[in-house]
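Descriptive analysis of the structure
This is what each chain is made of:
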Amino acid sequence: MPQTQLDKLEAEALYIFREVASECERPVMLYSVGKDSSVMLHLAMKAFYPEKPPFPFLHIDTGWKFKEMIEFRDRRAKELGLDMLVYRNEAALAEGINPFDHGAAYTDIMKTQALKDALTKYGFTAAFGGGRRDEEKSRAKERIFSFRNENHAWDPKNQRPEMWKLYNTKLRKGESIRVFPISNWTEKDVWQYIERENIPIVPLYFAKERPVVERDGNIIMVDDGRLRLAPGELPQMKKVRFRTLGCYPLTGGVLSEADTLPAVIAEALSAVTSERTSRVIDKEASGSMERRKREGYF
Amino acid sequence: MTKASENGLLKFITCGSVDDGKSTLLGHILYDSKLLFADQEQALILDSQVGSRRGEIDYSLLLDGLMAEREQGITIDVAYRYFATSKRSFIAADTPGHEEYTRNMAVGASFADLAVILVDASRGVLTQTRRHARICALMGIRHFVFAVNKMDLEAYSEETFRAVSAGINALSGELGLENVVAIPVSATEGDNVTELSCRMKWYEGPTLLGFLETADISGASPEEGFYMPVQRVCRPDHTFRGFQGQIEAGRVGAGDLLTALPSGEIALVKSIYLADKKVESAFVGQPVTLQLDREVDVSRGCVLARNAGLKTEKSFFASLLWMDDQKLIPGKDYWVKVATKLLPAIVTGIRHKVDVNSGELTAADSIGKNEIVECELVLSEPAVLSEFRSHKGLGGLILIDRVSHATSACGVITSAGKQAGTGVYLNDGEHSLQVSLFDGFLYHPDIHAILRHSPNPAIYKPGDALPLREAGLAYPSDFDVASDFGFANVRNGVFTGFGAREPRYALLDPRGLDLDIPPPRDFTKYRKISVWEKDYEI
């Protein structure tokens with residue numbers, strides 16, 4: 001009985017997890033609470049079984065994540081006995097940096113900067129991420145082991161050759177690696193694997209009546225009292241779900257009736273717009289993601 | 001949900017020279033197969049208006065993702081694309097054609113099971129076609145499709161296609177390529193890409209996509225035996241000790257007898273976990289944890305095997321593709337990684353350079369980026385390995401620069417073992433002198449002959465003690481060895497480096513002959529010749 005496509009992708013990911021745990025000094029897994037992170041966590045649990053993953057998990061919390069994401073994160077960490085580190089840019093939070101007044105700078109300060117600070121603070125030399133090459137054009141060219149200089153920046157013109165499964169994990173001083181074990185998975189593979197392995201995901205992926213407002217064509221959930229409502233703007237209960245998860249004021253939902261996994265998967269795979277379009281930052285000029293990555297965005 | 005993987009996953013590489021239209025071809029497959037999301041399609045149409053085809057859709061823009069590539073209009077690094085049809089899922093590695101980026105092409109080739117090589121119908125097999133095919137073959141690809149492109153510019157002529165095909169056949173013979181197919185196409189017009197062309201009725205084969213959907217890549221003969229390089233030892237507590245890795249060949253079942261290499265200890269398989277599930281047996285490609293029935297000396301880099309014919313060697317010959325801006329320096333210390341084993345190694349001898357375009361062998365003493373070289377490597381200690389043609393998982397290697405940490409080269413082991421030739425070297429990091437000082441000589445009474453017995457390969461560095469008195473040897477503690485780069489100084493039994501001659505000490509040649517004595521020289525001055533008897537080993 002030959003291996004199926006999912007078996008092959010799983011084997012590749014497990015191999016990468018084990019290589020990093022064996023060769024890298026201080027690995028960490030970035031945990032963003034989304035479905036790709038759920039798959040990554042599941043793979044990490046499998047790779048080392050019956051041992052627990054021999055590294056901590058790190059969540060960069062902007063302070064504006066959906067409440068359900070935080071609940072889900074804490075519950076999973078407890079159930080599986082994970083070493084879950086949570087890092088927030090407290091200085092910026094105290095300064096009142098927020099997604100309403102500070103636009104693109106907010107993402108930079110609360111996510112990119114906070115991630116760099118956290119990696120530096122703990123001295124992590126290798127960070128697992130759930131990036132996939134099918135997400136975006138510049139990611140399509142990124143290696144599985146992607147090196148960052150001391151400023152956590154990526155140099156797309158000088159990537160290390162990656163031959164067969166022979167990963168070179170040697171670092172120069174100040175360098176660190178981002179490792180993407182599910183580089184070769186597609187959106188469809190991720191969903192099919194979640195179904196096959198029965199992997200828990202955040203309930204926000206399932207349609208439910210939620211309080212929302214509509215702004216510039218985006219459906220924004222009123223997750224707490226901090227969402228500033230325009231005069232006359234009134235939250236309405238609508239059956240919505242989310243295709244990607246992030247900071248609630250910046251994440252658009254979609255109207256949907258899909259409240260079971262098969263229904264969500266059917267909807268996800270027949271979508272006519274690609275996944276990342278509901279993230280506001282990607283709509284900037286062509287090449288914006290590559291620019292961000294050069295600057296250290298994951 | 002649709003099941004798209006009836007024929008499994010196919011990883012393939014597309015390669016061709018700068019203007020052959022690789023990106024256009026792959027872009028066309030994605031576009032025609034309606035595999036694009038609607039918003040990507042809109043972005044493509046918008047992008048094309050500033051592109052080179054004046055409003056016509058420029059399919060290559062789908063693939064040339066990096067800003068630098070858009071500026072230069074060429075592909076400088078591998079782009080991976082994912083798509084599926086009703087018959088099969090695909091991962092396509094679109095690779096750069098330019099010679100300067102050969103190493104990036106090799107990255108794509110090492111990933112792929114099949115190569116699609118574009119050939120311009122008007123130009124036939126070119127230098128770069130030969131280069132691409134050679135690199136793909138070197139990296140172990142066994143299935144080739146030559147897409148003879150731009151047939152629209154050749155009036156869809158059968159004669160032209162036949163002429164190009166003849167060149168392809170000649171090249172295939174020269175490189176020993178297996179499973180070769182040629183298909184006439186037009187990437188811009190779409191002929192024979194996803195649909196059969198009505199303009200080439202003389203062509204009776206499949207379309208390019210049709211061929212990719214049905215190509216059987218599992219047909220390659222399976223590797224011999226069972227083996228699994230150990231990635232890590234799993235020890236959650238004192239009751240459990242398991243060896244984790246991916247099975248590279250064969251199948252293993254509970255109760256099987258395995259040999260741990262390089263120690264050679266044997267043990268029975270007690271239990272097998274396929275990831276987190278206990279199973280009775282597991283096979284090639286699967287990630288497993290194996291528990292053995294007794295304590296054996298196994299750590300990362302060891303190999304668990306059965307009937308695989310693997311070797312434990314300290315030196316071997318390999319073909320290397322040099323990938324570093326810094327040139328290859330013989331005698332310099334590198335790290336080599338074979339499967340999960342990382343260890344110091346030096347390149348001791350360059351046999352010759354292989355012209356990446358023509359395949360011509362030429363003498364060379366230094367090797368630069370994108371050049372192929374055949375050379376010998378000596379490891380700091382014996383490691384488990386094999387020839388690439390018999391065991392891919394233990395025959396491929398990378399070489400890592402110990403200062404810059406760059407991946408300096410990748411390569412394949414062409415021969416390992418006794419016949420590969422080994423040697424003993426005095427090496428100061430800059431120069432390397434091969435010596436036969438420590439060879440043993442035995443008289444074999446049954447054949448009335450004295451035969452030489454070479455010791456295990458070794459590299460002695462400044463500060464290393466030499467085996468001057470072992471197995472019938474009787475060298476003085478201090479002497480010099482003559483060489484082309486000064487005198488190798490041995491002081492107090494230790495190799496101290498290459499330096500000046502000290503006249504009060506003996507002067508030897510690399511074979512151990514005393515040069516201070518005029519001929520005829522006394523061969524046995526520093527060694528004795530013993531009689532060979534059964535079980536006598538040196």
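Residues numbered from 1 in each chain as written. Chains lettered and ligands numbered in written order. Predicted model: local features only at pLDDT ≥ 70, side-chain atom pairs only at ≥ 80, totals over all residues. Heavy atoms only, no water.

**Here's the deal with the sheet that holds strand S1 (residues 9-15) of chain B**
Residue and element names in this part refer to chain B. Taken in spatial order, the six strands line up as S2-S3-S1-S4-S5-S6 in an open sheet, and their pairing is mixed. Edge positions in the sheet fall to strand S2 (79-84) and strand S6 (180-184), since each of these pairs with one other strand and no more. Taking the axes of each pair of neighbouring strands and ignoring which way they run, one obtains an average angle of 25° across the sheet. Taken together, the seven bridges between strand S4 (residues 114-120) and strand S5 (residues 143-149) define a ladder with parallel strand orientation. (Pairing = 2+ DSSP bridges. Helix = DSSP H or I, 4+ residues; strand = E, 2+ residues; numbered from the N terminus. Axes fitted to C-alpha atoms, helices over the stretch in contact; angles between N-to-C directions.)

**Things to note about the pattern of salt bridges**
As a working rule, side chains carrying opposite charge can pair if their charged atoms are close by. For the structure on display, the rule yields 54 salt bridges over all chains. Among the ionic pairs, A:Glu51 bridges to B:Arg232, the shortest N-O distance being 3.2 Å. Placement of A:Glu51 in the loop between helix H2 (35-48) and strand S2 (57-60) and of B:Arg232 in strand S8 (residues 232-234) is noted, with the two residues assigned to different chains. Exposure remark for B:Arg232: the relative accessible area of 10% places this residue in the buried category. We note a salt bridge from A:Arg148 to A:Glu142, for which the minimum N-O separation is 3.3 Å. Among the residues examined, A:Glu142 registers a relative accessible area of 3% and is labelled buried. One network of salt bridges, in which partners are shared, links A:Asp7, A:Glu10, A:Lys46, A:Arg196 and A:Glu197. (Salt bridge = Lys/Arg side-chain N within 4 Å of Asp/Glu carboxyl O. Buried < 20%, exposed > 50% of the residue type's maximum accessible area, 1.4 Å probe, protein only.)

**Let's talk about the sheet that holds strand S6 (residues 176-179) of chain A**
All names here are of chain A. Within the open sheet, the six strands sit side by side as S3-S2-S1-S4-S6-S5. Their pairing is mixed. The open sheet terminates on both sides in strands that have one partner only, identified here as strand S3 (84-87) and strand S5 (145-148). Between one strand and the next, the sheet's axes are offset by a mean angle of 30°, whatever the strand orientation. The sheet contact formed by strand S1 (residues 27-30) and S2 spans two bridges and is parallel. Its bridge partner being in S2, methionine 29 is matched across the sheet by phenylalanine 57. Each of S1, strand S4 (126-128), S5 and S6 is contacted by helix H1 (residues 5-23), which is oriented at about 155° to S4, the strand it contacts most. Strands S1, S2, S3, S4 and S6 of the sheet are contacted by helix H5 (residues 103-122), whose axis makes an angle of about 150° with S2. (Contact = heavy atoms within 4.5 Å.)

**Here's the deal with the confidence of the model for chain B**
All names here are of chain B. Considering every residue of chain B, the mean pLDDT works out to 85; 86% of them sit at 70 or more. The secondary-structure element of chain B with the lowest mean pLDDT is helix H3 (residues 67-72), recorded at 48, while strand S9 (residues 242-246) shows the highest, at 98. Across the assembled chains, the prediction reports ipTM 0.89 with pTM 0.80. (pLDDT = per-residue confidence, 0-100.)

**Some details on unusual backbone geometry**
Omega for the bond connecting A:Tyr49 with A:Pro50 falls within 30 degrees of zero, at 5°, which places this linkage in the cis form. Relative to the helices and strands, A:Pro50 is located in the loop between H2 and S2. Residue B:Pro520 is bonded to the preceding B:Pro519 through a cis peptide linkage, with omega at -5°. Positionally, B:Pro520 belongs in the loop between strand S32 (506-508) and strand S33 (530-531). Even without glycine at this site, A:Asn198 takes up a positive phi of about 60°. Along the chain, A:Asn198 falls in the loop between helix H6 (187-197) and strand S7 (208-215). Phi at B:Asn179 is positive, roughly 45°, even though this residue is not glycine.

**Some words on helix H4 (residues 102-111) of chain B**
Residue and element names in this part refer to chain B. Most of H4 is tucked away: 10 of the 10 residues are buried. Within the span of H4, buried status applies to Thr102, Arg103, Asn104, Met105, Ala106, Val107, Gly108, Ala109, Ser110 and Phe111. Those residues of H4 that are buried lie in contact with S1, S2, strand S3 (89-94), helix H5 (127-138) and strand S17 (311-322).

**Comments concerning the domain arrangement of chain B**
Residues and elements named next belong to chain B. Domain annotation for chain B reports domain 1 (10-214), domain 2 (226-306), domain 3 (311-421) and domain 4 (432-526). Regarding the contact of domain 2 and domain 3, the summed buried area is about 800 Å², with carbon and sulfur atoms giving 68% of it. Broken down residue by residue, the surface that domain 2 buries against domain 3 is led by Tyr227, Arg300 and Gly301, which jointly contribute 49%. Inspection of the region where domain 2 meets domain 3 yields zero salt bridges. Linking domain 2 with domain 3 are three residue pairs in polar contact (both at pLDDT 80 or more). Here the residues of the side of domain 2 that touches domain 3 sort into six nonpolar, two polar and two charged. (Domains from an automatic or database assignment. Buried area = accessible area lost by both parts, 1.4 Å probe. Polar contact = N/O pair within 3.5 Å; in protein donor to acceptor, adjacent residues only side chain to side chain. Nonpolar A, V, L, I, M, F, W, Y, C, P; charged D, E, K, R; others polar.)

**With respect to the side chain of A:Thr251**
Residue and element names in this part refer to chain A. Mapping threonine 251 onto the fold places it in the loop between strand S9 (236-241) and strand S10 (254-255). One polar contact links the side chain of threonine 251 to the main-chain carbonyl oxygen of cysteine 247, over a distance of 2.8 Å. Non-local contacts of threonine 251, meaning those with residues more than four positions away in its chain, are made with Phe66, Ile219, Ile220, Phe242, Thr244, Leu245 and Gly246.

**Points about the confidence of the model for chain A**
When pLDDT is low, close inspection of the predicted coordinates is not appropriate. On average, residues of chain A carry a pLDDT of 87, and 89% of them reach 70 or more. Ignoring residues within four places in sequence, the model shows residues 275-286 of chain A, a span with pLDDT below 50, making 31 contacts including any to other chains.

**Examining the pairing of strand S11 (residues 257-261) of chain B**
Along any regular strand the residues' side chains alternate between the sheet's two faces. Residues and elements named next belong to chain B. As judged from the four bridges shared by S11 and strand S12 (residues 265-274), these two strands associate in the antiparallel manner. The residue of S12 that forms the bridge with alanine 260 is glutamate 265. Here S11 folds back onto S12 in antiparallel fashion, the turn holding three residues, of which glycine 264 has a positive phi close to 85°.

**Re the packing of aromatic side chains**
A complete count under the given rule lists 31 aromatic pairs over all chains for this structure. Measuring from centroid to centroid gives 6.2 Å for A:Trp64 and A:Tyr248, while their planes differ by 45°, and the two rings are tilted. Here the residue A:Trp64 occupies a position in the loop between S2 and helix H3 (67-80), and A:Tyr248 occupies one in the loop between S9 and S10, the gap between them amounting to 184 residues. Each member of the pair A:Trp64 and A:Tyr248 is classed as buried. Aromatic pair B:Tyr80 and B:Phe111: ring centres 5.1 Å apart, planes at 70°, arrangement edge-to-face. Residue B:Tyr80 is located in strand S2, and its partner B:Phe111 is located in helix H4; the two are separated by 31 residues in the primary sequence. Neither residue differs from the other here; B:Tyr80 and B:Phe111 are each classed as buried. Every member of this aromatic cluster is reached through a ring pair, and the members are A:Phe17, A:Phe48, A:Phe55, A:Phe57 and A:Phe128. The side chain of A:Arg226 reaches across the aromatic face of A:Trp64, ending 3.8 Å from its centre. (Phe/Tyr/Trp six-rings, centres within 6.5 Å; stacked < 30°, edge-to-face > 60°. Lys NZ or Arg CZ within 6 Å of the ring centre and 35° of its normal.)

**Topic: the environment of A:Ala114**
Residues and elements named next belong to chain A. Mapped onto the elements, alanine 114 comes out in helix H5. Classification of alanine 114 as buried rests on a relative accessible area of 0%. The spatial distance from the C-alpha of alanine 114 to the C-alpha of arginine 88 is 6.5 Å, given a sequence separation of 26 residues. Those residues in contact with alanine 114 that sit more than four places away from it in its chain are Ile60, Tyr87, Asn89 and Ile109.

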